[in-house]
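Topology and contacts: notes
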Amino acid sequence: MENEQLSLPNYNIPEDIRDVVAVTTLDRLYNWGRRSSLWPLTFGLACCAIEMIAAQMARYDMARFGMEVMRPSPRQADMILVSGTVTKKMLPAIIRLYNQMPEPKYVVAMGACASGGGPFKEGYNVVAGIDKFLPVDVYIPGCPPTPQALIAGLIKLQEKIDKDSLKKVRWYQKGKEDPNYVPMPILGPDLIDVRRNEEYKQAAAVKEGA
Ligand code: SF4
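Everything numeric here is computed off the predicted structure, so don't read it as measured data. (Residues numbered from 1 in each chain as written. Predicted model: local features only at pLDDT ≥ 70, side-chain atom pairs only at ≥ 80, totals over all residues. Heavy atoms only, no water.)

Looking at the overall build of the chain
Across its full length, the chain carries 7 helices and 5 strands. Secondary structure elements of the chain occur, N-terminal to C-terminal, as α-α-α-β-α-β-α-β-α-β-β-α. Projected onto its principal axes, the C-alpha coordinates of the chain cover approximately 80 × 45 × 25 Å. The 210 residues of the chain split such that 38% are buried. Of the contacts formed within the chain by residues at least 6 apart in sequence, a portion of 71% connects residues at least 24 apart. Of note, the chain has its 26 positive side-chain charges centred 5 Å away from the centre of its 24 negative side-chain charges. (Helix = DSSP H or I, 4+ residues; strand = E, 2+ residues; numbered from the N terminus. Buried < 20%, exposed > 50% of the residue type's maximum accessible area, 1.4 Å probe, protein only. Contact = heavy atoms within 4.5 Å. Lys, Arg positive; Asp, Glu negative; His and termini not counted. Charge placed at Lys NZ, Arg CZ, Asp CG, Glu CD.)

Take a look at the structure:
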């Protein structure tokens with residue numbers, strides 16, 4: 001980041017020390033560190049993943065944005081790029097990976113399938129969007145999105161991180177339940193979201209009463 005971007009506006013730093021002195025906030029420094037070193041989890045689900053791989057190659061070169069360090073372990077990653085169709089069978093594995101990632105962590109839904117089910121939305125085996133389970137930060141439209149679209153989406157994520165505040169980000173809220181934790185769904189004949197148990201019970205009671 002250039003000194004002009006790091007320094008807060010309205011602080012008049014004398015011309016002769018402008019290259020060595022910056023007046024900034026902790027938030028700005030923190031956000032700059034996070035947004036400039038987003039490490040994606042090495043993880044692909046379907047055809048969109050091919051475009052994700054292409055975006056990492058020399059032609060598009062995501063290294064320019066500090067995002068080239070794809071991590072094979074969720075414990076070293078801070079961004080999960082959901083690239084492809086989310087099947088009910090795969091979902092528990094995705095949730096497990098997400099829960100194993102340290103905070104701060106971000107979720108990007110790449111393509112129509114991850115964003116809302118895509119062409120397979122009505123499929124008996126498909127989850128109609130990863131946002132039914134994970135807090136998505138950025139959605140990237142397309143089937144598949146091009147590498148350029150993926151990069152544009154990731155730049156949007158950087159812009160979102162730029163606006164974070166240490167006091168408000170969800171992972172530093174003391175005394176509250178971990179808001180990032182997503183309980184593992186149960187895969188039976190269908191997918192059961194344990195957060196909706198009450199809803200299921202009420203529906204079953206209505207059915208029995210009918
Ligand atoms: S959005 Fe299109 S390209 Fe991407 S995984 Fe779904 S079907 Fe494949």
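Looking at the packing of aromatic side chains
One pair of aromatic rings is described through two measures. These are the centre distance and the angle between the planes. All told, the structure shown has 0 aromatic pairs when counted by the stated rule. Taking NZ or CZ as reference, Lys105 lies 4.2 Å from the ring centre of Tyr98, over its face. (Phe/Tyr/Trp six-rings, centres within 6.5 Å; stacked < 30°, edge-to-face > 60°. Lys NZ or Arg CZ within 6 Å of the ring centre and 35° of its normal.)

Some remarks on helix 3 (residues 48-56)
Those residues of helix 3 that sit buried are Cys48, Ala49, Met52, Ala55 and Gln56. An end-on view of helix 3 places all buried positions within 110° of arc, on one side of the element. Against the buried residues of helix 3 lie strand 1 (79-83), strand 2 (106-110), helix 5 (111-116) and helix 6 (147-162). (Arc of directions from axis to C-beta.)

A look at unusual backbone geometry
Note that the residue after Glu103, namely Pro104, is joined by a cis bond; omega there is -5°. Relative to the helices and strands, Pro104 is located in the loop between helix 4 (91-100) and strand 2. Geometrically, the link from Cys143 to Pro144 is a cis peptide bond, its omega value of -10° lying close to zero. Mapped onto the fold, Pro144 is located in the loop between strand 3 (138-140) and helix 6.

A short note on the environment of Tyr172
Within the secondary structure layout, Tyr172 lies in the loop between helix 6 and strand 4 (186-187). With relative accessibility at 40%, the residue Tyr172 sits in the partly exposed group. When the C-alpha positions of Tyr172 and Pro104 are compared, they lie 9.0 Å apart, and in sequence the two are 68 residues distant.

Looking at the sheet that holds strand 2
As summarised here, the arrangement of the 3 strands in space is 1-2-3, forming an open sheet in which the pairing is parallel. Looking at which strands have only one partner, the edges of the open sheet turn out to be strand 1 and strand 3. Across the sheet, the mean angle from the axis of one strand to that of its neighbour is 15°, orientation sign disregarded. Bridging between strand 1 and strand 2 involves 5 bridges; their strand directions are parallel. Pairing of Leu81 across the sheet is with Val108, part of strand 2. Sheet strands in contact with helix 6 are strand 1, strand 2 and strand 3, and its direction is about 165° off that of strand 3. (Pairing = 2+ DSSP bridges. Axes fitted to C-alpha atoms, helices over the stretch in contact; angles between N-to-C directions.)

Some points on the side chain of Asp137
Mapped onto the elements, Asp137 comes out in the loop between helix 5 and strand 3. Among the polar contacts listed, one links the side chain of Asp137 to the side chain of Lys160, at a separation of 2.9 Å. For Asp137, the residues in contact, after removing those within four places along its chain, are Lys105, Tyr106, Val107, Leu157, Lys160 and Arg170. (Polar contact = N/O pair within 3.5 Å; in protein donor to acceptor, adjacent residues only side chain to side chain.)

Digging into the site of the ligand
Around the ligand, the surrounding shell consists of Ala46, Cys47, Cys48, Gly84, Thr85, Ala112, Cys113, Pro119, Phe120, Gly142, Cys143 and Pro144. The residue makeup of the shell around the ligand, split by class, is 9 nonpolar, 3 polar and no charged. (Near = heavy atom within 4 Å. Nonpolar A, V, L, I, M, F, W, Y, C, P; charged D, E, K, R; others polar.)

A word on the packing of helix 2 (residues 26-35) against helix 6
At a closest axis distance of 9 Å, the pairing of helix 2 and helix 6 adopts a crossing angle of 160°. Comparing their axes, helix 6 and helix 2 come out roughly antiparallel. For helix 2 against helix 6, the interelement crossing comes out right-handed. Each of Asn31, Arg34 and Arg35 in helix 2 lies in contact with helix 6, whose residues at this interface are Gln158, Ile161 and Asp162. (Parallel < 35°, antiparallel > 145°, perpendicular 65-115°, else oblique. Left-handed = near helix turned anticlockwise from the far one by under 90°.)

Remember, this is a structural readout, not a statement about activity or role.
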